[in-house]
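The residues making up each chain are set out below.
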Amino acid sequence: MRLNASERGAFAMPSDFAPDSQVASRVRFAGFLPSDPTITMLGGLIAVAVLVFSTLTPNRFLSADTLRAIAFQMPELGILSLAMMVPLMSGGLNLAIIATANCSALVMAAILTRLIQPSMPSPGVAAIIALALLAGMLTSLGIGFLTGVIVAFLGVHPILVTLGTMTLVKGAAVLATSGTVIAGFPPAVLFLGNGTLIGFPVSLILFLLCATIVAVILTHAPFGVSVRMIGSNERATRYSGVPTEWVLVGVYVVSSLLCWVAALLMMARFNSASAGYAESYLLITILAAVLGGVDPFGGFGRVLGLCLSLVLLQVISTGFNLLGFSPYLTAAIWGATMILAIVIAMVRDRWISRSTR
């Protein structure tokens, strides 16, 4: 998915947007538009969706129970979407985010259920929880490091690598657990997925923290700037002295680390872990990123846009559920929405490019 210099144009220094000539034209043209058309569009769509569903389902959509459900359901999908966004910014893709999260959750679940005994004192339980968290994190980092090395140093296309990683990791997880569910975790773990802190879900606070960290890294940290540069023009970035191979390894390591956080939230919210959880999220994470303004070719995107697209998708999903729509129809609508978002983005870029000549 990463295009070479002749295909993407001359290399330019990075900014808050993608560092290539096409995006430079987009930024110049933005003087005639709102500060960020994508953010404005998503904000308007959220308002329209809330108005429509509030009208169709009076006294239900804007109820406290519905808003609470949205606040608890969105965080794990949001963190998985961040895990998808980081590789997309580099011009790559990570199809193994769900398999990585489930594998990490199974490792943590196995340690928690096998080592914690009912009569164990609190310090011992805390030590085992820490061991489980460390083991889950190392599992995710190992998968991300292996994926990044193959993509960066062997030059294999990210789609092929992550598709193979996804199949390998899921197959190993199913083999190790015989496809069964591991359940029953201590209250301290369940608190992360179901507890509240000063009135806000702990899981939502963790998502906002992860989103803030990713936004700061991609916008201000040297690593994030390098990721944007690679997504725009990998060859020119390499010629400028950036160690592109190790940056790409870091991309998939960061993505897998976010998968570990999502795994922790999923197992805490469901009080169980399985190799088959959240498989439908893969399409939605890509949809959320593209709809939020992330360029599928890399180099351009904002975490704020991703967050707003997640809110929009969650509002629509909740509204459909209250109206009694089939989940299969919802999945079909997500697929059509992703195609439409990509087409609109490409048409917009061509129109802006012609308007600024």
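Every value quoted in this text rests on a predicted model; they were computed, and no experiment measured them. In every chain, residue numbers begin from 1 and rise along the written sequence. The predicted origin of the model limits local features to residues at a pLDDT of at least 70 and limits the giving and counting of side-chain atom pairs to 80 or more, whereas totals for whole chains, interfaces and linings rest on all residues. No hydrogens and no water enter the side-chain calculation; it runs on all heavy atoms of the structure.

### Here's the deal with the pattern of salt bridges
Should a side-chain nitrogen of Lys or Arg be within 4 Å of a carboxyl oxygen of Asp or Glu, the pair is scored as a salt bridge. On inspection of all chains with the given rule, the structure shows four salt bridges. One salt bridge connects Arg238 with Glu234, and the closest N-O pair in it is separated by 3.4 Å. Of this pair, Arg238 and Glu234 both sit in helix α11 (residues 234–239), four residues apart, which is roughly one turn of that helix. Working definition: with a 1.4 Å probe on protein chains only, accessible area under 20% of the residue-type maximum means buried, over 50% means exposed, and in between means partly exposed. For Arg238, a relative accessible area of 36% translates into the label partly exposed. A residue is classified by how much of its surface remains accessible, and Glu234, at 14% relative accessible area, is buried. Secondary structure elements are defined from DSSP: runs of H or I of at least 4 residues count as helices, runs of E of at least 2 residues count as strands, and each element is numbered from the N terminus.

### A few points about the side chain of Thr147
As for its placement among the helices and strands, Thr147 is situated in helix α6 (residues 122–153). Throughout, a residue-residue contact means that at least one pair of heavy atoms, one from each residue, lies within 4.5 Å. Thr147 has contacts with Val161, Thr162, Thr165 and Tyr252, leaving out every residue within four places of it along the chain.

### Topic: the confidence of the model for the protein chain
Chain-level pLDDT for the protein chain is 85 on average; 88% of the residues reach the 70-or-more range. Across residues 1–34, confidence stays below pLDDT 50; counting only partners more than four residues off in sequence or on other chains, it has 69 contacts. For every residue, the predictor states its confidence as a pLDDT score lying anywhere from 0 to 100.

### A closer look at helix α12 (residues 244–270)
By this rule the span expected of a helix is its residue count minus one, scaled by 1.5 Å. In this model, α12 (27 residues) spans 39 Å end to end at C-alpha, consistent with the 39 Å of a helix rising 1.5 Å per residue. Counting buried residues in α12 gives 20 out of 27 residues, a clear majority hidden from the surface.

### Examining the packing of helix α8 (residues 187–194) against helix α9 (residues 202–220)
Contact pair α8 / α9: the axes reach a minimum separation of 5 Å and the direction vectors enclose 70°. Compared by their axis directions, α8 and α9 come out roughly perpendicular. Here α8 contributes Phe191, Leu192 and Gly193 to the contact with α9, which in turn contributes Val202, Ser203 and Leu206. Counted by class, the contact of α8 with α9 contains four nonpolar, two polar and no charged residues. Fitted lines through C-alpha atoms serve as axes, helices being fitted only where they are in contact, and the angles separating the N-to-C directions of these axes extend from 0 to 180 degrees. Every angle not falling under 35 degrees, over 145, or within 65 to 115 is termed oblique; those three ranges are roughly parallel, roughly antiparallel and roughly perpendicular. Side-chain classes follow a simple rule in which Ala, Val, Leu, Ile, Met, Phe, Trp, Tyr, Cys and Pro form the nonpolar group, Asp, Glu, Lys and Arg form the charged group, and the remainder, Gly included, forms the polar group.

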